[in-house]
Amino acid sequence: QVQLVESGGGLVQPGGSLRLSCAASGIMFSINDIAWYRQAPGKQRDMVAIETRGGMTIYGDSVKGRFSISRDNAKNTVYLQMNSLKTEDTAVYYCKVFRATMQYWGQGTQVTVSS
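Everything numeric in this text was worked out from a predicted model, so none of it was measured.

So, how was this worked out
Note that residues are indexed from 1 along each chain, following the sequence as it is written. For a predicted model such as this one, the threshold for reporting local features is a pLDDT of at least 70, and the threshold for listing and counting side-chain atom pairs is 80 or more; totals across whole chains, interfaces and linings nevertheless cover every residue. With hydrogens and water excluded, all non-hydrogen atoms of the structure serve as input to the side-chain values. Two strands pair under a simple rule: DSSP has to find at least two bridges between them. Working definition: helices are DSSP H or I runs of at least four residues, strands are E runs of at least two. Numbering for both runs from the N terminus. To get an axis, fit a line to the C-alpha atoms, keeping to the stretch in contact for a helix; angles then go from 0 to 180 degrees between the N-to-C directions. Two residues form a contact once any of their heavy atoms are found within 4.5 Å. Criterion for a disulfide: a pair of cysteine sulfur atoms at a distance within 2.5 Å.

Some points on the sheet that holds strand β8 (residues 77-82)
Right, so step 1: An order of β1-β3-β8-β7 is seen for the 4 strands of this open sheet, with the pairing classed as antiparallel. Since the sheet does not close on itself, it has two edges, and those belong to β1 (3-7) and β7 (67-72), each with one partner. Neighbour-to-neighbour, the strand axes of the sheet open up by a mean angle of 15°, direction not taken into account.
Right, so step 2: Two elements, β7 and β8, share 6 bridges in a ladder whose sense is antiparallel. The partner of F67 across the bridge, within β8, is M82.

Brief notes about the environment of A23
Right, so step 1: Note on placement: A23 falls in strand β3 (residues 18-25).
Right, so step 2: It is 4.4 Å that separates the C-alpha atoms of A23 and T77, two residues lying 54 residues apart in sequence.
Right, so step 3: Contacts of A23, omitting those with residues within four sequence positions, involve Q3, L4, V5, N76 and T77.

Observations concerning the environment of M56
Right, so step 1: As for its position among the elements, M56 is in the loop between β5 (46-51) and β6 (57-59).
Right, so step 2: Measuring from C-alpha to C-alpha, the distance between M56 and T112 comes to 28 Å, with 56 residues separating the pair along the chain.

Some points on the state of the cysteines
Right, so step 1: Going through the model one piece at a time under the given rule, you end up with 1 disulfide.
Right, so step 2: Each sulfur in the disulfide pair C22 and C95 lies 1.9 Å from the other. Linking C22 and C95, the disulfide has an S-S dihedral of approximately 45° and is accordingly described as right-handed. Here C95 lies in strand β9 (residues 91-99) and C22 lies in strand β3, a separation of 73 residues in the sequence.

All we've got here are geometric facts, nothing functional implied.
Next up, the structure:
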């Protein structure tokens, strides 16, 4: 059974930083593509960052230069480092592991950016 568990969300002031983690069981991140998405209330779920199993990264336009996706294959964990946070970054953040038609999602972690 595949499980993805996100952690690291919380309340942070504008300009601050957070690092989200996504730990996996039942599947290996090292041989799959990984991604972070986010969904704000009343909005669609948007791609934040993708890292392919080959190491290529893609970022959403709104987070380029501020967010960074990475993985630790030994810990089977992926990370999203978020810097210079803005109020518009407030959302539930989800990790996803995928390859071809296979995909699994975590349950999400809330990030709130507010003063």
